[in-house]
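# Architecture and fold: a report
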Amino acid sequence: MALGHIHKPWLNEAGRMAYPGSLCPVDLTESGNHGCIAGELTENDGPGELHLRFLPLASRSYIPCRVKVTEKTTNQSLFKTVTNFMEQYGAANIYKLTLTGKRDPDIVFDEAYLKTAGRIISFTDTTVPAYDIEALRMEHRHDLIGDYIDTFLPGAEESSLQDPVRRQAFFYGLDALLSNLDSDTGEPK
């Protein structure tokens, strides 16, 4: 194959066909090596043999950096984890940072601060607060928070929060209720 639109390199197993892809990544969805294909045709007693190999050329790559956080993760510890990851994979590369896991309900990860660690082109925080949902359900069984939890989670399991949009909506609502209701009366502040 000589021409096409695919930006990712490909070499067939027999080494007889190749597609070089783009020499450098052109957008953040293109992680992995980029370069060119070198070919050598050698003569034998019979027909010549073709040997193809990929030569990496790009000076930087887009690299996904997925970090699982815990309730103990702070902005400073997360910054150190991200910095260590970037040192391991190269400071010249461009990173797509995604946070997963359960975080302390009182922490908000500082995107601007984390981006000072290096070349972070995208930041996605999919973390959720580490609330003890069953304890909150019992504590607030006779107020709006308990009703809210029962509406989203009709049973004792959190399986109805598998959909990421639904999960984020649940935690946004729970955060808002917890921060705006008087803990003694269960009434809005």
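Residues numbered from 1 in each chain as written. Predicted model: local features only at pLDDT ≥ 70, side-chain atom pairs only at ≥ 80, totals over all residues. Heavy atoms only, no water.

## Re helix 4 (residues 144–152)
Along helix 4, the residues classified as buried are I145, G146, Y148, I149 and F152. Buried positions in helix 4, seen along its axis, are confined to an arc of 160° and lie on one side of it. Those residues of helix 4 that are buried lie in contact with helix 3 (133–139) and helix 5 (164–180). For helix 4, the N-terminal capping position is held by D143, with its side-chain oxygen 3.0 Å away from the main-chain nitrogen of I145. (Buried < 20%, exposed > 50% of the residue type's maximum accessible area, 1.4 Å probe, protein only. Helix = DSSP H or I, 4+ residues; strand = E, 2+ residues; numbered from the N terminus. Arc of directions from axis to C-beta. Contact = heavy atoms within 4.5 Å. Polar contact = N/O pair within 3.5 Å; in protein donor to acceptor, adjacent residues only side chain to side chain.)

## Describing the packing of aromatic side chains
The geometry of an aromatic ring pair comes down to the distance between the two centres and the angle between the two planes. Per the counting criterion, the structure on display carries eight aromatic pairs. Each ring, one from F170 and one from F171, has its centre 5.1 Å from the other, and the planes form 75°; the classification is edge-to-face. Across the pair, F171 and F170 agree in class, each one buried. One aromatic cluster is present, built from ring pairs that chain together Y131, Y148, F152, F170 and F171. (Phe/Tyr/Trp six-rings, centres within 6.5 Å; stacked < 30°, edge-to-face > 60°.)

## Quick notes on the pattern of salt bridges
One pass over the full model with this rule turns up three salt bridges. Where R137 meets E134, a salt bridge forms, and the shortest distance between an N and an O atom there is 3.2 Å. Taken as a pair, R137 and E134 lie in helix 3 at a separation of three residues, close to a single helical turn. Its relative accessible area of 30% is what places E134 among the partly exposed residues. Residue R137 is classed as buried on the basis of its relative accessible area of 9%. Residues joined by salt bridges that share partners form a network here, namely E134, R137 and D150. (Salt bridge = Lys/Arg side-chain N within 4 Å of Asp/Glu carboxyl O.)

## Considerations on the packing of helix 4 against helix 5
Helix 5 packs onto helix 4 with a crossing angle of 175° between their chain directions and a minimal axis gap of 10 Å. In terms of orientation, helix 4 lies roughly antiparallel with respect to helix 5. For the pair helix 4 and helix 5, contact is made by L144, I145, Y148, I149, T151 and F152 and by R166, A169, F170, G173, L174, L177 and L178, respectively. Residue classes in the contact of helix 4 with helix 5 are distributed as 10 nonpolar, two polar and one charged. (Axes fitted to C-alpha atoms, helices over the stretch in contact; angles between N-to-C directions. Parallel < 35°, antiparallel > 145°, perpendicular 65-115°, else oblique. Nonpolar A, V, L, I, M, F, W, Y, C, P; charged D, E, K, R; others polar.)

Purely geometric numbers; function is a separate question.
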